[in-house]
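# Topology and contacts: notes
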Amino acid sequence: MPKVKTKSGAKKRFKLTGTGKIKRKHAFKSHILTKKETKQKRNLTNAGLVDKSDEKNVKHMLNI
């Protein structure tokens, strides 16, 4: 059987932590920033973690 390819979009968007959790970036931080509050933009800067309910799907995309 051939090797299973990793989804290129997922490869660019997710990283694994040392404990096996999956890091992600927040959405809504790329454009139209003038109408968003400074506090909102600051909080979107920090990386988040993928929710427990989505972890299975993300790991499947990353072939983990």
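Cut-offs used in this document
Residues numbered from 1 in each chain as written. Predicted model: local features only at pLDDT ≥ 70, side-chain atom pairs only at ≥ 80, totals over all residues. Heavy atoms only, no water. Buried < 20%, exposed > 50% of the residue type's maximum accessible area, 1.4 Å probe, protein only. Helix = DSSP H or I, 4+ residues; strand = E, 2+ residues; numbered from the N terminus. Arc of directions from axis to C-beta. Contact = heavy atoms within 4.5 Å.

A few words now on helix α3 (residues 52–62). For α3, the full list of buried residues reads Glu55, Val58 and Leu62. Along the axis of α3, the buried positions cluster into a sector of 80 degrees, meaning they face one direction only. α3 presents Ser53, Lys56 and His60 as exposed residues on the side facing more than 90 degrees away from its buried surface. Buried residues along α3 sit in contact with α1 (8–13) and β2 (22–24). Downstream of α3 by one or two residues, Asn63 has phi in the positive range, about 55 degrees.

Note that all results are geometric; they support no functional claim without further evidence.
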